[in-house]
Amino acid sequence: MKQKQYAVLGLGRFGGSIATSLYNMGHEVLAIDINEDKVQAYSNAVSQAVQADSTDEKALKALGIRNFSVVVVAIGQDIQASIMASLIVKEMGVKHIVVKAQNDLHGKVLEKIGVDRVVFPERDMGARVAHNLLSPNIIDF
Ligand code: ATP
């Protein structure tokens, strides 16, 4: 598989799981969180973990975010920060942007911004588990 470069903004349960999974699959992963403790916790689990505010355009520019193949915005509760970070990376020209949404309205705003994929982790996982219960023989990744 061709190696891609991924940036994950926000290292909660969702972002942290994506970042470590991609890294363990052999990809380059830059992980960013505003919280220094989170950055420390992930420092050996990804290629590079950096403390930065994802709503700070200058900071994202300095980290070269526009050069990443995929950016995942995994900031949950601070919807304003999620929207601002998504808009910044979209305007930088990142080709593929995936964003975790907190609710329907948040998801609609993200679609208007033009992100490539909006994810509702609990809802999506619930649907997958239901499908898997009905078709247990289908291998699910
Ligand atoms: P999860 O369900 O994935 O655990 P969550 O939806 O509860 O997370 P939060 O815990 O609010 O979401 O945020 C996820 C991470 O994003 C946290 O580690 C938080 O420190 C980080 N974060 C919040 N705001 C910013 C920001 N502006 N820049 C970078 N990281 C941020």
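Anyway, here's the lowdown on the structure attached to this text.

Criteria and thresholds
Residues numbered from 1 in each chain as written. Predicted model: local features only at pLDDT ≥ 70, side-chain atom pairs only at ≥ 80, totals over all residues. Heavy atoms only, no water. Near = heavy atom within 4 Å. Polar contact = N/O pair within 3.5 Å; in protein donor to acceptor, adjacent residues only side chain to side chain. Areas by Shrake-Rupley, 256 points an atom, 1.4 Å probe, with all protein chains shown as cover. Salt bridge = Lys/Arg side-chain N within 4 Å of Asp/Glu carboxyl O. Helix = DSSP H or I, 4+ residues; strand = E, 2+ residues; numbered from the N terminus. Buried < 20%, exposed > 50% of the residue type's maximum accessible area, 1.4 Å probe, protein only. Phe/Tyr/Trp six-rings, centres within 6.5 Å; stacked < 30°, edge-to-face > 60°. Lys NZ or Arg CZ within 6 Å of the ring centre and 35° of its normal. Contact = heavy atoms within 4.5 Å. Pairing = 2+ DSSP bridges. Right-handed = clockwise from strand over helix to strand, strands pointing away.

The immediate surroundings of the ligand are formed by 19 residues, with Arg13, Phe14, Asp33, Asp53 and Lys100 found nearest. Between Phe14 and the ligand, the recorded distance is 2.8 Å, taken from a backbone N or O atom to an oxygen atom. The side chain of Lys38 places a nitrogen or oxygen atom 2.9 Å from an oxygen atom of the ligand. Here the ligand has 630 Å² of accessible area as a free molecule, and 84% of this is covered by the chains.

Turning next to the pattern of salt bridges. A complete count under the given rule lists two salt bridges for this structure. One salt bridge in this structure joins Lys61 and Glu57, with 3.8 Å as the shortest N-O distance. Here Glu57 and Lys61 lie together in helix H3 (residues 57-62), a separation of four residues that amounts to about one turn. The residue Arg123 makes a salt bridge to Asp104 at a minimum N-O spacing of 3.0 Å. Of the two residues, Arg123 is situated in helix H6 (residues 121-134) and Asp104 in helix H5 (residues 104-113); the sequence distance between them amounts to 19 residues. According to the relative accessible area criterion, Arg123 is partly exposed, its value standing at 48%.

The description of two aromatic rings rests on the distance between their centres and on the angle between their planes. The final tally for this structure, using the stated rule, is zero aromatic pairs. The ring centre of Phe120 lies 4.2 Å from the NZ or CZ of Arg123, which sits over that ring.

On the secondary structure map, Thr20 appears in helix H1 (residues 13-24). At a separation of 3.3 Å, a polar atom in the side chain of Thr20 contacts the main-chain carbonyl oxygen of Ser17. Here Thr20 is in contact with Tyr42, Ala45 and Val46, once residues within four sequence places are set aside.

With five of six residues buried, strand E2 (residues 28-33) is to be regarded as a mostly interior element. Strand direction decides the pairing type here: strand E1 (residues 5-9) and E2, joined by five bridges, are parallel. When the bridges of E2 are listed, Tyr6 appears paired with Val29. Handedness of the crossover is the feature at issue here: the chain leaves E1, passes through H1, returns alongside E2, and the resulting connection is right-handed.

Bringing the environment of Gln51 into the picture now. Secondary-structure assignment places Gln51 in strand E3 (residues 48-51). Placed 18 residues apart in sequence, Gln51 and Asp33 show a C-alpha to C-alpha distance of 5.2 Å. Residues in contact with Gln51, not counting those within four places in the same chain, are Asp33, Ile34, Asn35, Glu36 and Val39. Polar contacts involving the side chain of Gln51 include one to the main-chain carbonyl oxygen of Ile34, which spans 2.8 Å.

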